[in-house]
Amino acid sequence: MALRPVKPTPFGLSLLAGALLGLGFTFGSLYLLVWVAFVPLLMALHSPSPRPVRQAWRCGLVAGTVFQVIAANWVLHFIEALWDAGTVITALIAALFWGYGALQLALLSVVYLGLQQRTGWPCLLIFPVIVTLAFAGFPTLFNAQLGETQSRFIVAIQGVSLTGVHGLDAIIALANALLYQYLRPRSATPRRDRIHQVVSGLLIVLWLGYGAVVLLSASPPGTRLRVGWVQENGPAGESRTSTPGYTDSDPRSLALSRQLAVEGAEVIIWPETGFSAYFQQPRVRQAIHRAAKAMRTPLLLQGIEVADGRQFNAVAWVSASGLEAGRYRKQKRVAFGEYLPLLEYLPDSSRWARQWLSGFFSDIAAGHQPAGFPIAGTDTQLIPLICYEVMFPSLVADASRVGADRQLLVIVSNNAWFGNTAQPWQHWRATALRAVETGRPALHVINNGPSGVFLADGRPWVHSPYGTEAAYLAEVPIPSHGPTLHSRYPNVFLALCLALAGLILVVALRGEKVTHRPRGRPAPR
């Protein structure tokens, strides 16, 4: 008995698409999966169906759910650490989180198929635009872009210095659409489609070729900065307790910092660990000032600053002379962690939500401007960012335009809420894209790790392991140049995508639904 090949179903293809996408987001070594992950979804969307829009919604929802469950599996640990709610409640809350996230691919699928059918325009044009806007604009608690999975694909990420990560998102979507075009069943390829495919292939080659040229022509920077950082490996939560044998005025981080100063660190960074005693207790602040002066090394530390009756998530810059030389207040706050969207204007609901969110929530006001701290004795400027802010390309681009041509981006974070899951690594890998976008090396110091440096071309320079308490020292090359094209105009590429999407929408609304028929066959009457 002959075996018949099994024809894949739209449901099975959607499952495969979600799995490929989720694995690409979860494991840095599987970044190439993202370049093919949408192909099964496109096959599912274009499968014959009497109700194509309904099928698109279902396929997108299935793919999105699988994607969320794999890529955001860490939400289980987060909920358990936050509420200790038990297995059933934890699973239900996680399911709500994943279900909401799945709407991203569901809406993407419906919008793409609807526009493609109404206009008859090629998938190679419409799909990259819709994917780029879906990942840039869908409101999520933790932002993530397709391109941020590509931190190990060094050639591919160089182009983000021109367009930002959204340009790489579009190239990845274009590669998926092009592969789908080649694989879809078809008796013959019309000449127009072949032209579209050639142009699309050339765009991908040009993108990767640009990256290769940049890497081959790069000259070594003349300046190196000895940067030290402390990885405290402390618990989650806003409040911190002193390590046994240490005090707020002489914390464990300071003891580790003294070792770095002896080894020649020119600047020392502490992670986001809520060292609020510095901001709220004058004696602690004075003790830290004296310590920085004794070490002759500037120090950056984070805590909760209280001013005018409001709280700010802030970092303080203590100079080598023992004086505070500046502060930076976090501009991008975490929804439901540092502010309550909409509920800020509903006092009763806000009070209930604060109680329910317990230790994860701190009522934080937003800062309004970036900062740049000059490092004495060098021509380098330190650009501070706090945790979640590294996920916003335009904010980082704006910050990088402050001041000097030699800059070091410094991000301080605390991911202890998520434990030893994929989330700290996803957060850390996104730093590579911000480094290339701005042309600045970036140091990301995470409380529990991994912490480390990405060079200006996105290559990982050094990193510390997860879950260790230690002090680390690295000699970081600091190139000298002005802002990149993306840093100067961080929103231009997205604006172009929006304009193109608007044009596609106008054509779709003015036209009739396009149905493709084989040549020579008369239209149905």
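Predicted, not measured: the structure shown is a model, and the values here were computed from it.

The rules behind each value
- Residues numbered from 1 in each chain as written.
- Predicted model: local features only at pLDDT ≥ 70, side-chain atom pairs only at ≥ 80, totals over all residues.
- Heavy atoms only, no water.
- Helix = DSSP H or I, 4+ residues; strand = E, 2+ residues; numbered from the N terminus.
- Rg over C-alpha atoms; globule rule 2.2 N^0.38 Å.
- Buried < 20%, exposed > 50% of the residue type's maximum accessible area, 1.4 Å probe, protein only.
- Areas by Shrake-Rupley, 256 points an atom, 1.4 Å probe, with all protein chains shown as cover.
- Lys, Arg positive; Asp, Glu negative; His and termini not counted.
- Charge placed at Lys NZ, Arg CZ, Asp CG, Glu CD.
- Pairing = 2+ DSSP bridges.
- Axes fitted to C-alpha atoms, helices over the stretch in contact; angles between N-to-C directions.
- Phe/Tyr/Trp six-rings, centres within 6.5 Å; stacked < 30°, edge-to-face > 60°.
- Lys NZ or Arg CZ within 6 Å of the ring centre and 35° of its normal.
- Patch = residues over 30% accessible without salt bridge, like charges linked within 9 Å, V, L, I, M, F, W, Y side chains within 5 Å.
- Salt bridge = Lys/Arg side-chain N within 4 Å of Asp/Glu carboxyl O.
- Parallel < 35°, antiparallel > 145°, perpendicular 65-115°, else oblique.
- Left-handed = near helix turned anticlockwise from the far one by under 90°.
- Contact = heavy atoms within 4.5 Å.
- Nonpolar A, V, L, I, M, F, W, Y, C, P; charged D, E, K, R; others polar.
- Core = buried A, V, L, I, M, F, W, Y, C linked by side-chain atoms within 4.5 Å.
- Disulfide = S-S within 2.5 Å.
- pLDDT = per-residue confidence, 0-100.
- Expected span 1.5 Å × (residues − 1).

Structural notes on the overall build of the protein chain
Line of reasoning, step 1. A count of helical and extended segments in the protein chain gives 18 helices and twelve strands.
Line of reasoning, step 2. Relative to the compact-globule value of 24 Å for 525 residues, the protein chain shows a C-alpha radius of gyration of 25 Å, a close match.
Line of reasoning, step 3. Summarising its shape, the C-alpha atoms of the protein chain cover approximately 85 × 55 × 50 Å along the three principal directions.
Line of reasoning, step 4. Buried positions account for 53% of the 525 residues belonging to the protein chain.
Line of reasoning, step 5. Surface exposure of the protein chain reaches about 23600 Å², of which carbon and sulfur atoms provide 61%.
Line of reasoning, step 6. Positive and negative side-chain charges in the protein chain, numbering 43 and 28 respectively, have mean positions lying 15 Å apart.

Things to note about the sheet that holds strand 5 (residues 324-329)
Line of reasoning, step 1. Read across the open sheet, the six strands follow the order 5-4-3-2-1-12; overall the sheet is mixed. The open sheet is flanked by strand 5 and strand 12 (470-478), the only strands paired with a single partner. Each strand axis lies, on average, 35 degrees off the axis of its neighbour in the sheet, ignoring direction.
Line of reasoning, step 2. Bridging between strand 1 (residues 223-231) and strand 2 (residues 267-269) involves three bridges; their strand directions are parallel.

Overview of the packing of aromatic side chains
Line of reasoning, step 1. Tallied over the entire structure, the rule returns 19 aromatic pairs.
Line of reasoning, step 2. On the numbers, 5.5 Å between centres and 75 degrees between planes, the contact of Phe-38 with Phe-127 is edge-to-face. With Phe-38 in helix 2 (residues 38-45) and Phe-127 in helix 6 (residues 123-137), this residue pair connects regions lying 89 residues apart in the sequence.
Line of reasoning, step 3. According to the relative accessible area criterion, Phe-38 is buried, its value standing at 2%.
Line of reasoning, step 4. A residue is classified by how much of its surface remains accessible, and Phe-127, at 0% relative accessible area, is buried.
Line of reasoning, step 5. By the ring-pair criterion, three or more aromatic residues cluster together here, those being Trp-74, Phe-78, Phe-97, Phe-142, Trp-417 and Phe-418.
Line of reasoning, step 6. One residue, Arg-329, lies across the ring of Phe-312, its end atom 3.9 Å from the ring centre.

Things to note about the pairing of strand 4 (residues 310-318)
Line of reasoning, step 1. Taken across its nine residues, strand 4 has seven buried, putting it largely inside the fold.
Line of reasoning, step 2. The pairing of strand 3 (residues 299-307) with strand 4 spans nine bridges and is antiparallel. Within strand 4, the position partnered with Ala-307 by the bridge is Arg-310.
Line of reasoning, step 3. Linking strand 3 to strand 4, which pair antiparallel, is a turn of two residues; within it Asp-308 sits at a positive phi near 55 degrees.
Line of reasoning, step 4. Pairing geometry for strand 4 and strand 5, over five bridges, is antiparallel. Each residue of the ladder has a partner; that of Trp-317, found in strand 5, is Gly-326.
Line of reasoning, step 5. Here strand 4 folds back onto strand 5 in antiparallel fashion, the turn holding five residues, of which Gly-322 has a positive phi close to 85 degrees.

Observations regarding a nonpolar patch on the surface
Line of reasoning, step 1. Together, Leu-162, Tyr-210, Leu-485, Tyr-489, Val-492 and Leu-496 line one region of the surface with nonpolar side chains, adding up to about 550 Å² of accessible area.
Line of reasoning, step 2. Relative to the assigned elements, Leu-162 resides in helix 8 (residues 160-163).

Brief notes about the packing of helix 9 (residues 165-183) against helix 10 (residues 191-217)
Line of reasoning, step 1. For the pair helix 9 and helix 10, the least separation of the axes is 10 Å and the interaxial angle reads 140 degrees. Considering their axes alone, helix 9 and helix 10 lie oblique with respect to each other. For helix 9 against helix 10, the interelement crossing comes out left-handed. Contacts from Gly-167, Leu-168, Ile-171, Leu-174, Ala-175, Leu-178, Gln-181 and Tyr-182 of helix 9 reach helix 10 at Gln-197, Ser-200, Gly-201, Leu-203, Ile-204 and Trp-207.
Line of reasoning, step 2. For the contact of helix 9 with helix 10, the per-class residue count stands at nine nonpolar, five polar and no charged.

Some points on the nonpolar core
Line of reasoning, step 1. Residues Phe-127 and Ile-269 are the most contacted members of the largest nonpolar core, which totals 100 residues.
Line of reasoning, step 2. Ignoring sequence-local partners within four residues, the contact set of Ile-269 consists of Gly-228, Trp-229, Val-230, Leu-300, Leu-382, Val-410, Val-412, Leu-443 and Val-445.
Line of reasoning, step 3. By size, the runner-up hydrophobic cluster in this structure holds 22 residues, among which are Ala-261, Ala-265, Trp-270 and Phe-279.

Examining the sheet that holds strand 7 (residues 380-386)
Line of reasoning, step 1. Read from one edge of the open sheet, six strands run 6-7-8-9-10-11, paired in mixed fashion. Single-partner strands in this sheet number two, and they are strand 6 (373-374) and strand 11 (460-464).
Line of reasoning, step 2. In the sheet, strand 10 (residues 451-454) pairs with strand 11 via four bridges, with the strands oriented antiparallel. In the strand pairing of strand 11, Gly-452 is matched with His-463.
Line of reasoning, step 3. Seen against the sheet, helix 15 (residues 393-400) touches strand 7 and strand 8 (406-413) and runs at an angle of roughly 155 degrees to strand 7.

As for the state of the cysteines
Line of reasoning, step 1. With the rule as written, the count across this model stands at zero disulfides.
Line of reasoning, step 2. Considering cysteine sulfurs only, Cys-123 is the nearest to Cys-497, which forms no disulfide, with 15 Å between them.
Line of reasoning, step 3. Given a relative accessible area of 8%, Cys-497 falls into the buried group.

Here we look at the confidence of the model for the protein chain
Line of reasoning, step 1. Of all residues in the protein chain, 90% attain a pLDDT of 70 or more, and the chain-wide mean is 89.
Line of reasoning, step 2. The lowest-confidence element of the protein chain is helix 14 (residues 347-357), averaging 55 in pLDDT; the highest-confidence one is helix 7 (residues 154-157), averaging 98.
Line of reasoning, step 3. This model gives residues 516-525 a pLDDT under 50, and the stretch forms six contacts once residues within four places in sequence are excluded.

A closer look at the pattern of salt bridges
Line of reasoning, step 1. By the definition in use, this model includes twelve salt bridges.
Line of reasoning, step 2. Of the charged contacts in the structure, one is a salt bridge between Glu-324 and Arg-327, with a shortest N-O distance of 2.5 Å.
Line of reasoning, step 3. Owing to a relative accessible area of 28%, Arg-327 belongs among the partly exposed residues under this scheme.

Observations regarding helix 5 (residues 87-119)
Line of reasoning, step 1. If you check helix 5, its first and last C-alpha atoms are 48 Å apart, about what 33 residues at 1.5 Å a residue would give, namely 48 Å.
Line of reasoning, step 2. Trailing helix 5 by a residue or two, Gly-120 shows a phi angle of about 75 degrees, which is positive.

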